[in-house]
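Below are the chains, spelled out letter by letter.
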Amino acid sequence: MERPLILVSPHTETEGTEFPDAAISLSFRYSDAVIGSGGLPMVLPCTTDRDTIAEAISHAGGVLLSGGEDVTPSRYGGVFESEVHKTVVEAVAGRDAFELALIEETLSQGKPVLAICRGIQILNVALGGTLLGDIRLQHPGALDHNRQDERFQPVHDVQVEPGSSLATLSGVQPLRVNSTHHQAIARVAACLRVVARSPDGIIEGLEWGDPGSCPVPFLIAVQYHPERLWDRHPPHHRLFQAFIAACRKRSRLAAPVQA
Ligand code: MN
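Now for a look at the structure at hand. (Residues numbered from 1 in each chain as written. Predicted model: local features only at pLDDT ≥ 70, side-chain atom pairs only at ≥ 80, totals over all residues. Heavy atoms only, no water.)

Before going further, it helps to spend a moment on the environment of Ala 189. Here Ala 189 shows up in the loop between strand E10 (184-185) and strand E11 (192-197). A relative accessible area of 1% means that Ala 189 is categorised as buried. In this structure, the C-alpha to C-alpha distance between Ala 189 and Trp 208, residues 19 residues apart in sequence, is 9.5 Å. Excluding residues that lie within four positions of it along the chain, Ala 189 makes contacts with Asn 124, Leu 127, Gly 128 and Gly 129. (Helix = DSSP H or I, 4+ residues; strand = E, 2+ residues; numbered from the N terminus. Buried < 20%, exposed > 50% of the residue type's maximum accessible area, 1.4 Å probe, protein only. Contact = heavy atoms within 4.5 Å.)

Okay, here's the thing in structure tokens:
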């Protein structure tokens, strides 16, 4: 059986290692998780050319939005005091514009979406939501969510909303997750709903608000990094497997060949 093609959005940098040009890169963790869950990963170029994005998606089973640096605050009307603003590290080389176009086109073509870390944030922004500039400065009493020292290990619980897709496929409560983010969802986009929170109230998962009106057959966004956990923690492997199963049904390769 042919594997469904999974398009992955890459990290961007203003200077590549080989040439002093804007460049892309992607942690092997994402591609390994897709391969290890039955998908065929392909890294997208960072382009805002709408025809290119649309054509790539038309060939694909689904889209994985990867982690990375912060969304530019002006994209969601974020105006922060200087202490907060100083913590914001914006993604470079047009990544915001590329991913906003990618999200719009993916939803319009009805392809499954899995969004991770920065992915949940740009998805929320794309649909009209906002972000906290910095959890530590703006959410007193919050856990330390920026545990780079333990990025491959679960460090906090997440309560998952019973009945949500994430709860159903994970099959455990609470979910144990890693945490390497300094920002979080602030106002949830009107069409989305919260399906997971850490004990301090930080939003860790979003799905479509009314599943009956969701434009895509699968949409789960998480603030943690399942691609760094899936190989040792079955609930996180099941997230990738469920995503890729949904992608297989939407893959062009799954369509019968026309005579
Ligand atoms: Mn967290």
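The next subject is the sheet that holds strand E9 (residues 175-177). If you walk across this open sheet you meet the nine strands as E4-E1-E5-E6-E13-E12-E11-E8-E9, and the pairing is mixed. Looking at strand neighbours, the two that pair on one side only are strand E4 (40-43) and E9, the edges of this open sheet. Neighbour-to-neighbour, the strand axes of the sheet open up by a mean angle of 25 degrees, direction not taken into account. Of the strand pairs in this sheet, E11 and strand E12 (residues 203-208) are connected by five bridges, and their pairing is antiparallel. For Val 194, the partnering residue across the bridge sits in E12 and is Leu 206. (Pairing = 2+ DSSP bridges. Axes fitted to C-alpha atoms, helices over the stretch in contact; angles between N-to-C directions.)

Let us now look at the packing of helix H4 (residues 95-109) against helix H5 (residues 118-126). In the contact formed by H4 and H5, the axes pass within 10 Å of each other and the chain directions differ by 70 degrees. By the angle between their axes, H4 is roughly perpendicular relative to H5. When you trace H4 past H5, the crossing you get is right-handed. Across from Arg 95, Asp 96, Glu 99, Leu 100 and Ile 103 in H4, the residues of H5 making contact are Arg 118, Ile 122, Leu 123 and Ala 126. Residues that form the contact of H4 with H5 fall into these classes: five nonpolar, no polar and four charged. (Parallel < 35°, antiparallel > 145°, perpendicular 65-115°, else oblique. Left-handed = near helix turned anticlockwise from the far one by under 90°. Nonpolar A, V, L, I, M, F, W, Y, C, P; charged D, E, K, R; others polar.)

The next thing to look at is the nonpolar core. Judged by nonpolar contacts, the single largest core of 37 residues is most densely connected at Leu 7, Leu 65, Leu 102, Leu 206 and Leu 219. At the level of secondary structure, the elements contributing two or more residues to this core comprise strand E1 (5-8), helix H2 (50-59), strand E5 (62-65), H4, strand E6 (113-116), H5, E12 and strand E13 (219-222). It is H4 that provides the largest number of residues to this core, a total of six residues. Contact partners of Leu 65, with chain neighbours within four places excluded, come to Ser 9, Leu 102, Ile 103, Val 113, Leu 114, Ala 115, Ile 116 and Gly 119. In this structure, Tyr 30, Ile 116, Val 160 and Val 222 belong to the second largest nonpolar core, which totals 29 residues. (Core = buried A, V, L, I, M, F, W, Y, C linked by side-chain atoms within 4.5 Å.)

Take the coordination of the manganese ion next. Looking at the metal site, the manganese ion is ligated by His 145 (ND1), His 156 (NE2), Ser 179 (OG), His 181 (NE2) and Glu 204 (OE), spaced 2.2 to 2.3 Å from it. Sequence spacing among the residues donating to the manganese ion works out to H-x10-H-x22-S-x1-H-x22-E. A residue pair is termed long-range when its members are at least 10 positions apart, and His 156 in strand E8 (residues 156-160) and His 181 in the loop between E9 and E10 qualify at 25 residues. In this pair, the class of His 156 matches that of His 181, namely buried. (Donors = N, O, S within 2.8 Å, 3.2 Å for Na, K, Ca; no water.)

Before going further, it helps to spend a moment on the pattern of salt bridges. Evaluation of the coordinates by the stated rule reveals eleven salt bridges. Of the charged contacts, one joins Glu 99 and Arg 118 as a salt bridge, the two residues approaching to 2.8 Å between their closest N and O atoms. One end of the pair, Glu 99, is in helix H4; the other, Arg 118, is in helix H5, and 19 residues separate them in sequence. Each of Arg 75, Arg 95, Asp 96, Glu 99 and Arg 118 takes part in one network of salt bridges that share partners. (Salt bridge = Lys/Arg side-chain N within 4 Å of Asp/Glu carboxyl O.)

The subject of this paragraph is H4. Counting along an α-helix, one turn takes 3.6 residues, and residues three or four places apart therefore face a common direction. Look at H4: 21 Å from first C-alpha to last across 15 residues, which is about the 21 Å you get at 1.5 Å a residue. With eleven of 15 residues buried, H4 is to be regarded as a mostly interior element. Within the sequence span of H4, burial applies to Arg 95, Asp 96, Phe 98, Glu 99, Leu 100, Ala 101, Leu 102, Ile 103, Glu 105, Thr 106 and Leu 107. Looking at the buried side of H4, the elements it contacts are strand E2 (11-13), H2, E5, E6, H5 and E13. Backbone geometry just after H4 places Gly 110 at a positive phi near 70 degrees. (Expected span 1.5 Å × (residues − 1).)

Moving on to unusual backbone geometry. Omega for the peptide link from Gln 173 to Pro 174 comes to -5 degrees, which places this bond in the cis form. You can see Pro 174 is positioned in the loop between helix H7 (165-170) and E9. One non-glycine residue, Ala 93, lies in the positive phi region at around 60 degrees. Among the structural elements, Ala 93 can be located in the loop between helix H3 (82-85) and H4. Residue classification places Ala 93 among the partly exposed positions, given a relative accessible area of 36%. With a phi angle near 55 degrees, Cys 117 is a residue other than glycine that sits in the positive phi range. Along the polypeptide, Cys 117 turns up in the loop between E6 and H5.

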